[in-house]
Amino acid sequence: MSVEIKVPTLGESVTTATIAKWLKQPGDEVKEDEPVVELETDKVSVEVAAPQAGVLGPQAVKEGDEVEVGALLATVEPGKADAAPAAPKTAAPEKKVEAPATPAAKPAAPAADAAAALPAARKLMAENGLNAGQVGQGTGLGGRITKGDVLGFLSQPQAAMPAAAPKAARKDDPREERVKMTRLRRTIARRLKEAQNTAAMLTTFNEIDMSGAMALRAEFQDNFVKKHGVKLGYMSIFSRAVIAALKEFPAINAEIDGEDVIYRDFVNLGIAVGGPNGLVVPVIRDADKMGFAQIEKTIAGFGKAAREGTLKLDELSGGTFSITNGGIYGSLLSTPILNSPQSGILGMHSIQERPVAVNGQVVIRPMMYVALSYDHRIVDGKEAVSFLVRLKQNVEDPRRLLIDV
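Basis of the calculations
- Residues numbered from 1 in each chain as written.
- Predicted model: local features only at pLDDT ≥ 70, side-chain atom pairs only at ≥ 80, totals over all residues.
- Heavy atoms only, no water.
- Core = buried A, V, L, I, M, F, W, Y, C linked by side-chain atoms within 4.5 Å.
- Buried < 20%, exposed > 50% of the residue type's maximum accessible area, 1.4 Å probe, protein only.
- Helix = DSSP H or I, 4+ residues; strand = E, 2+ residues; numbered from the N terminus.
- Contact = heavy atoms within 4.5 Å.
- 1 Å grid on protein atoms, 1.4 Å probe; cavity = no way out; pocket = protein on both sides within 12 Å on 5 of 7 lines; lining within 4 Å.
- Points joined across faces, edges and corners; volume = space filled by probe spheres on them.
- Nonpolar A, V, L, I, M, F, W, Y, C, P; charged D, E, K, R; others polar.
- Phe/Tyr/Trp six-rings, centres within 6.5 Å; stacked < 30°, edge-to-face > 60°.
- Lys NZ or Arg CZ within 6 Å of the ring centre and 35° of its normal.
- Expected span 1.5 Å × (residues − 1).
- Salt bridge = Lys/Arg side-chain N within 4 Å of Asp/Glu carboxyl O.
- pLDDT = per-residue confidence, 0-100.
- Patch = residues over 30% accessible without salt bridge, like charges linked within 9 Å, V, L, I, M, F, W, Y side chains within 5 Å.
- Areas by Shrake-Rupley, 256 points an atom, 1.4 Å probe, with all protein chains shown as cover.
- Axes fitted to C-alpha atoms, helices over the stretch in contact; angles between N-to-C directions.
- Parallel < 35°, antiparallel > 145°, perpendicular 65-115°, else oblique.
- Left-handed = near helix turned anticlockwise from the far one by under 90°.
- Pairing = 2+ DSSP bridges.

Student: A description of the nonpolar core should follow, citing residues and the corresponding values.
Tutor: In this structure, Phe238, Phe321, Leu346 and Phe387 are the most contacted members of the largest nonpolar core, which totals 45 residues. Broken down by secondary-structure element, the contributors of at least two residues to this core are α6 (234–248), β12 (269–271), α7 (292–308), β16 (321–325), β17 (344–348), β19 (361–375) and α8 (381–396). A per-element tally of this core places α6 first, with 9 residues. Once residues lying within four places of it in the same chain are set aside, the contact partners of Leu346 are Phe238, Val242, Phe321, Ser322, Ile323, Thr324, Pro336, Val370, Ala371, Leu372, Leu388 and Leu391. Counting 18 residues, the second largest nonpolar core, distinct from the first, contains Ile5, Ala17, Trp22 and Val36.

Quick look at the structure:
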């Protein structure tokens, strides 16, 4: 009994696909679950498999056709393919051919344009600033460019890419001063650009009522300083709140390594501090094992070392998540950039009194906007939003950190 192969469900909001390539032809023997055709949409590339073993029947559509979800692609007939006898080989008579006086001109390949590309290929070219002419002749039906053609082009060595026109030397104005970038600034620039190029970075926001944290500091500050010799600041409160939230949402504390995701049973917390040559991010190792006082002392030590330029290289590596506080410079809202290869960074901002609605009444509260930038490749939007909600709850009522709820 023959079985139909139909276009499967392709995901939310995707209703059509393009036949990118037939992997099997009519009369070919197929196994159960063996891919027989490749579909392309604007979002994904999907292989459709045979629902049973047998022989592929007639194809209802051809390469390059656009089909809707549920449309018939082909059928699988029961049985095995007939083995066609090989035609006997006969020796071709020798024929003397004289070489042409001049080499024949190679026919020019047909010009490629955006219309000659499948939807997924057009999207990928647009994302990478390419045009069909750069990719060249496609391997799809009628020379159409497929997503695989674009990926193949992108995987070529950089030297194979078309060379950019040389940039004309900049003529300095007499009123300008040219200063060579420091090694630290060059490293910061390189790493920030790497983060933009490699991660699928998004940012989500929330706001925190700082009344609870401020009341906690006011009540215990004197005793805290007497016992520990350091002030109780907001950074330790946020650090402990972040650590508690990371345990609940471990993907934000993870990183991508090739095709693997590395999850961690610890938190090495990067804290951005300002130095004379720029912002650096020293790392509090095993911060999840530290209390408020130890975190405050470590951060104070990092700040002093950054100002004096005595931070060690090993203090700047190994972080799993970072916090940056632009509020100390007056920032009200920002989108922090990831510290690669980390998958998340929290941005704190300045505290401002604003009118807010509480239990149906408009009251004035000290409010702070917070931002979480995350790598969408391994962190879902729901996780990112839930992380910030948990952080908000932990900071607004720090007692939650003591009873682990």
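Student: Talk me through the layout of surface pockets; I want residue IDs and the actual numbers.
Tutor: Here the idea is plain: a probe the size of a water molecule rolls over the atoms and shows the empty space left. Put simply, the second largest pocket is a space of about 530 Å³. Around the second largest pocket sit 27 residues that line it, and Met235, Val273, Ile299, Asn325 and Ile328 are the ones nearest its centre. Mapped by element, the contributors of at least two residues to the lining of the second largest pocket are α6, β13 (273–275), α7 and β16. Residue contributions to the lining of the second largest pocket peak at 6 residues, all from α7. Per-class residue counts for the lining of the second largest pocket are 15 nonpolar, 9 polar and 3 charged.

Student: Outline the packing of aromatic side chains, supporting the account with residue identities and numerical values.
Tutor: Within this structure, the stated rule accounts for 1 aromatic pair. Each ring, one from Phe321 and one from Phe387, has its centre 5.8 Å from the other, and the planes form 45°; the classification is tilted. Of this pair, Phe321 sits in strand β16 while Phe387 sits in helix α8; the two residues are 66 residues apart in sequence, bridging distant segments of the chain. By the burial criterion, Phe321 is buried, and Phe387 matches it. The ring of Tyr234 carries Arg217 above its face, with NZ or CZ at 4.3 Å from the centroid. Over the ring of Tyr369 we find Arg354; its NZ or CZ atom is 4.2 Å from the centre of that ring.

Student: Break down α7 for me, with residues and values.
Tutor: Here α7 is 17 residues long and its end C-alpha atoms lie 25 Å apart, about the 24 Å a rise of 1.5 Å per residue gives. In this fold, the buried residues of α7 make contact with α5 (211–228), α6, β12, β13, β14 (278–280) and β15 (283–284). Positive phi appears at Gly309, one or two residues downstream of α7, with a value of about 70°.

Student: An account of the pattern of salt bridges is requested, with residue identities and associated values reported.
Tutor: For the coordinates displayed, the defined rule picks out 15 salt bridges. The residue Arg365 makes a salt bridge to Asp209 at a minimum N-O spacing of 2.9 Å. Within this pair, whereas Arg365 is found in strand β19, its partner Asp209 is found in strand β9 (residues 201–209), the two being separated by 156 residues in sequence. What makes Arg365 partly exposed here is its relative accessible area of 26%. If you follow the salt bridges from partner to partner, you end up with Arg170, Asp172, Glu176 and Arg178 in one network.

Student: Just give me the short version of the confidence of the model for the chain, but keep the residues and values in it.
Tutor: Chain-level pLDDT for the chain is 84 on average; 85% of the residues reach the 70-or-more range. When the criterion is pLDDT under 50, residues 83–111 qualifies, and its contacts beyond four places in sequence or with other chains add up to 1 contact.

Student: So what's going on with a nonpolar patch on the surface? Residues and values would help.
Tutor: Together, Phe205, Leu332 and Leu333 make up a nonpolar patch on the protein surface, roughly 260 Å² of accessible area in all. Within the secondary structure, Phe205 is located in strand β9. Of the residues examined, Phe205 reaches a relative accessible area of 39% and is grouped as partly exposed.

Student: Describe the packing of α6 against α8, naming the residues involved and giving the relevant values.
Tutor: Between α6 and α8, whose axes approach to 9 Å, the crossing angle comes to 140°. Looking at the two axes, α6 sits oblique to α8. In this structure, the crossing between α6 and α8 has a hand that is right-handed. Contact residues: Phe238, Ala241, Val242, Ala244, Ala245, Leu246 and Glu248 in α6; Phe387, Arg390, Leu391, Asn394 and Val395 in α8.

Student: Tell me about the sheet that holds strand β1 (residues 3–6), residues and numbers included.
Tutor: One open sheet accounts for 4 strands, arranged β1-β8-β6-β3; its pairing is antiparallel. Where the open sheet ends on each side, the last strands, each with one partner, are β1 and β3 (29–30). Across 2 bridges, the pairing between β3 and strand β6 (residues 54–59) is antiparallel. Looking at β6, one finds that Val30 is bridged to Gly54.

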